[in-house]
There are 2 protein chains.
Amino acid sequence: MTPTVRTVKIVTIDPDSYEPAYVQLAGLIRAAIDSGELAAGQPVPSEKTLIQQHGVARETVRRAIAILRTEGRVQTLAGRGSYVRGSADEAEIVTLEPGARISSRMPSPAERREFGVSEGVPLFVVERDGHDARIYPADRTILEAPN
Amino acid sequence: MTPTVRTVKIVTIDPDSYEPAYVQLAGLIRAAIDSGELAAGQPVPSEKTLIQQHGVARETVRRAIAILRTEGRVQTLAGRGSYVRGSADEAEIVTLEPGARISSRMPSPAERREFGVSEGVPLFVVERDGHDARIYPADRTILEAPN
DNA sequence: GGCTATTTGTTCGTATGTATA
DNA sequence: TTATACATACGAACAAATAGC
């Protein structure tokens, strides 16, 4: 029987790494999401838990979570926790009009409120000559080019 | 001569406001950008300056800047400062193929490096049946529906 | 309703390291 | 080299939101 060589991912934070601890921690949590270990809708371990498990300060944990929030991968609810964001249950499919130009950018806080989007969710801006621009939240909208 | 009534915007931070100091400060800087007072390419006042001008702690200033960075409105360079981001000098106009479906999301750090985009810049994901998805950085790409 | 424990939110302080001019 | 500016990371305290009883 030949020995088996396996690659095991290191799941600890290396304080001597060139990579900041909070970036490493964000990577660990992101990997857990990508692997399905943390499924959509499930809570990320609490700040306290992550502090104890990884032996880092609260700020380090909060910055890691903040990264995932700005990536749109988790949503944080005050007093409750951070939860893995999934694909929207229902996405509106908007068929573009010929010649429409589409850009995408992040919303201001006011726009976040107006369109009801959480952090890390971009906006579509659809413009056509002679018309006002229309804006769609990118987490609930799929644009489709006309046939 | 009738008296003139003007609305003067308060440009100070109110510690008693329900709105966190760092959100207020981000709003002040955002307003300065929108008004043209801080034009594209210009540096935002340094952390030290903002600390002194507004009488807040460094973290408060850093969080305000971080908000604007995740909105894609400023870019921060270590050891130099934060600079107002303008529209890209050159945007590639990509004409969509019929039936293409477009979504938009924030990049992971790896994708940020791969596509050379800074914080706060979304990605376009363009998919068509039978093809691999194509990805474009939203700060240098405008999609156009075919005529 | 009220109380308590948990969890996240905000804000200060301090120290050290890295990058730039 | 020195000064300036941003980056990381620890600690601490209190506020606010939430959930369970």
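Residues numbered from 1 in each chain as written. Chains lettered and ligands numbered in written order. Predicted model: local features only at pLDDT ≥ 70, side-chain atom pairs only at ≥ 80, totals over all residues. Heavy atoms only, no water.

Chain A goes by HTH gntR-type domain-containing protein in an unreviewed UniProt entry, where it is assigned to Nonomuraea longicatena.

1. Description of the UniProt feature "domain: HTH gntR-type" (unreviewed entry) in chain A
Quick note on the threshold: UniProt positions are given in the numbering used here, feature names are shortened, and annotations may be inferred rather than shown by experiment. Strands here are runs of E lasting at least two residues and helices are runs of H or I lasting at least four, both read from the DSSP assignment and numbered beginning at the N terminus.
Sequence positions flagged by UniProt for "domain: HTH gntR-type" (unreviewed entry) are, in local numbering, residues 19-87 of chain A. Secondary structure across residues 19-87 of chain A comprises 51% helix and 12% strand; the distance between its end C-alpha atoms is 30 Å.

2. Concerning the sheet that holds strand 5 (residues 123-127) of chain B
Strands belonging to one sheet form pairs held by backbone hydrogen bonds; the direction of such a pair is parallel or antiparallel. Counted only if it meets this: A pair of strands counts as paired when DSSP detects no fewer than two bridges linking them. Note on geometry: axes are lines fitted to C-alpha atoms, helical ones only across the stretch in contact, with angles between N-to-C directions running from 0 to 180 degrees.
As summarised here, the arrangement of the 5 strands in space is 3(A)-7(A)-4(B)-5(B)-6(B), forming an open sheet in which the pairing is mixed. Unpaired on one side and paired on the other, strand 3 (92-95) of chain A together with strand 6 (134-137) of chain B mark the two borders of the sheet. Here the average twist between neighbouring strands, direction ignored, is 30 degrees. When strand 4 (residues 101-105) of chain B meets strand 5 of chain B, the two strands line up antiparallel, connected through 5 bridges. What sits directly across from S103(B), in strand 5 of chain B, is V125(B).

3. Things to note about helix 1 (residues 21-34) of chain A
This is how the line gets drawn: A helix is expected to span 1.5 Å multiplied by its residue count minus one. The classification of residues rests on relative accessible area computed with a 1.4 Å probe and restricted to protein chains. Under 20% of the type maximum is buried, over 50% is exposed, and intermediate values are partly exposed. Residue contacts follow a heavy-atom distance rule, with two residues in contact if any of their heavy atoms lie within 4.5 Å.
With 14 residues, helix 1 of chain A should reach 20 Å at 1.5 Å per residue; the first-to-last C-alpha distance of 20 Å fits that figure. Among the residues of helix 1 of chain A, Q24(A), L25(A), A26(A), L28(A), I29(A), R30(A), A32(A) and I33(A) are the ones counted as buried. Considering only its buried residues, helix 1 of chain A is in contact with helix 2 (47-54), helix 3 (58-70), strand 1 (74-77) and strand 2 (81-84) of chain A together with helix 4 (109-115) of chain B. Two residues or fewer past helix 1 of chain A, G36(A) is found with a positive phi of approximately 90 degrees.

4. Details of the protein's contact with DNA strand C
Here is the rule we go by: Throughout, near means a residue has at least one heavy atom within 4 Å of the molecule or strand. Any pair of nitrogen or oxygen atoms within 3.5 Å is treated as a polar contact; in protein, a donor-acceptor pairing is required on top of that, and neighbouring residues in sequence qualify only through side-chain atoms on both sides.
Near DNA strand C you find 22 residues, and of these R58(A), A21(B), Y22(B), E59(B) and T60(B) are the closest. Take the atoms of DNA strand C that sit within 4 Å of the protein: sugar and phosphate atoms are 63% of them. R58(A) places a polar side-chain atom, nitrogen or oxygen, 2.6 Å from a base nitrogen of DNA strand C. With respect to DNA strand C, the side chain of R62(A) contributes an N or O atom lying 2.9 Å from a phosphate oxygen.

5. Notes on the pattern of salt bridges
Two side chains bearing opposite charge may form a pair once their charged atoms approach each other closely. Residues and elements named next belong to chain A. For clarity, the cut-off: For this document, the term salt bridge refers to a Lys or Arg side-chain nitrogen within 4 Å of an Asp or Glu carboxyl oxygen.
The full count for this structure, using the stated rule, is 23 salt bridges over all chains. Two residues, E47 and R62, come together in a salt bridge whose shortest N-O distance is 2.5 Å. Placement of E47 in helix 2 and of R62 in helix 3 is noted, with a sequence separation of 15 residues between them. Accessibility expressed as a relative area gives 24% for E47, which makes it partly exposed. Residue classification places R62 among the partly exposed residues on the basis of a relative accessible area of 38%.

6. A closer look at the domain arrangement of chain A
Selection rule: Source of the domain bounds: an automatic or database domain assignment.
Split by domain assignment, chain A resolves into domain 1 (21-84) and domain 2 (91-144). Computed over C-alpha atoms, the centres of domain 1 of chain A and domain 2 of chain A are 28 Å apart.

7. A word on the sheet that holds strand 5 (residues 123-127) of chain A
Taken together, the 5 strands give an open sheet; going across it, the order is 6(A)-5(A)-4(A)-7(B)-3(B), and neighbouring strands pair in mixed fashion. If you trace the sheet from one side to the other, it starts and ends with strand 6 (134-137) of chain A together with strand 3 (92-95) of chain B, each paired once. If you compare each strand with its neighbour and ignore which way they point, the axes differ by 30 degrees on average. Bridge count for strand 3 of chain B against strand 7 (residues 141-144) of chain B is 4 bridges, and the pairing is parallel. In the sheet register, T95(B) faces strand 7 of chain B, and the bridge partner there is E144(B).

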